[in-house]
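Overview (structure and organization)
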Amino acid sequence: MAGKGQGGFGFGLGKMKELTEAFKKAQQVQEGAKKLQEELDELEVIGEAGGGLVKVILSGNQEPRRVEISPDALGEGAEVVSELVAVAMTDAYNKSTATMRERMEELTGGLNLPGL
């Protein structure tokens, strides 16, 4: 009684090749992710509000770098400046999130990983 077409190995050599290729791709993605992390650390993402009166600058990894407030904005009062800073922060956060997502999709393209 034979193993019903399994060749005695439990699964075919084609599956082993697929598994090996998947491991190679996963290793490439891991190496690419490390490089991507470094690139995102260097990247600056600028969020703006009030037509550029307030700018919030984050790294590509969403770490705060600096806030730039135009002297023209200061004449508007603390409440307006606070609102502009919040809007600029949200803008920078949304841009950095989109950038991270795009870069990860480029990195993992063709590899079906859950949650990515």
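Residues numbered from 1 in each chain as written. Predicted model: local features only at pLDDT ≥ 70, side-chain atom pairs only at ≥ 80, totals over all residues. Heavy atoms only, no water.

Turning our eyes to something else, we now look at the sheet that holds strand β3 (residues 64-69). The strand order across the open sheet built from three strands is β1-β2-β3, with neighbouring strands paired in antiparallel fashion. In the strand order of this sheet, the two ends are held by β1 (44-49) and β3, each with one partner. Taking each pair of neighbouring strands and ignoring which way they run, the sheet shows an average axis angle of 15°. Relative to strand β2 (residues 54-59), β1 runs antiparallel, the two sharing six bridges. Each bridged residue has a counterpart across the sheet, and for Ile46 the counterpart in β2 is Ile57. (Pairing = 2+ DSSP bridges. Helix = DSSP H or I, 4+ residues; strand = E, 2+ residues; numbered from the N terminus. Axes fitted to C-alpha atoms, helices over the stretch in contact; angles between N-to-C directions.)

Okay, a nonpolar patch on the surface next. On the surface, Met16, Leu19 and Phe23 cluster together to form a nonpolar patch covering roughly 310 Å² of accessible area. Of note, Leu19 is situated in helix α1 (residues 13-42). Judged by its relative accessible area of 40%, Leu19 is partly exposed. (Patch = residues over 30% accessible without salt bridge, like charges linked within 9 Å, V, L, I, M, F, W, Y side chains within 5 Å. Areas by Shrake-Rupley, 256 points an atom, 1.4 Å probe, with all protein chains shown as cover. Salt bridge = Lys/Arg side-chain N within 4 Å of Asp/Glu carboxyl O. Buried < 20%, exposed > 50% of the residue type's maximum accessible area, 1.4 Å probe, protein only.)

A cluster of acidic residues, Glu38, Asp41, Glu42 and Glu63, forms a negative patch at the surface. Structurally, the position occupied by Glu63 is in the loop between β2 and β3. (Lys, Arg positive; Asp, Glu negative; His and termini not counted. Charge placed at Lys NZ, Arg CZ, Asp CG, Glu CD.)

Here the focus is the environment of Val29. Structurally, Val29 can be placed in helix α1. Taking the C-alpha atoms as reference points, Val29 and Thr108, 79 residues apart in sequence, are found 6.3 Å from one another.

Another aspect to go through is the nonpolar core. Within the largest apolar cluster, 10 residues are counted, these being Ala49, Val54, Val56, Leu58, Ala73, Val81, Leu84, Val85, Ala88 and Ala92. Of all elements in the fold, only β2 and α3 (78-108) reach the threshold of two or more residues within this core. It is α3 that provides the largest number of residues to this core, a total of five residues. When neighbours within four sequence positions are excluded, Val85 is seen to be in contact with Val54, Val56 and Ile69. (Core = buried A, V, L, I, M, F, W, Y, C linked by side-chain atoms within 4.5 Å. Contact = heavy atoms within 4.5 Å.)

What follows concerns α3. Over its 31 residues, α3 runs 45 Å from end to end, which matches the ideal 45 Å to within 8%, given 1.5 Å per residue. Those residues of α3 not exposed but buried are Val81, Leu84, Val85, Ala88, Ala92, Ser96, Thr99, Leu107 and Thr108. (Expected span 1.5 Å × (residues − 1).)

Our next topic: the environment of Gly32. Tracing the sequence through the fold places Gly32 in helix α1. Residues Gly32 and Met104 lie 72 residues apart in sequence; the distance between their C-alpha atoms is 9.2 Å.

Another point: the pattern of salt bridges. Applying the stated criterion across every chain, the model contains seven salt bridges. Residues Lys24 and Glu21 are paired through a salt bridge, measuring 3.8 Å at the closest nitrogen-oxygen approach. Residue Lys24 and its partner Glu21 are located together in helix α1, separated by three residues, close to a single helical turn. Residues joined in a network through salt bridges with shared partners are Glu44, Arg65, Arg66 and Glu68.

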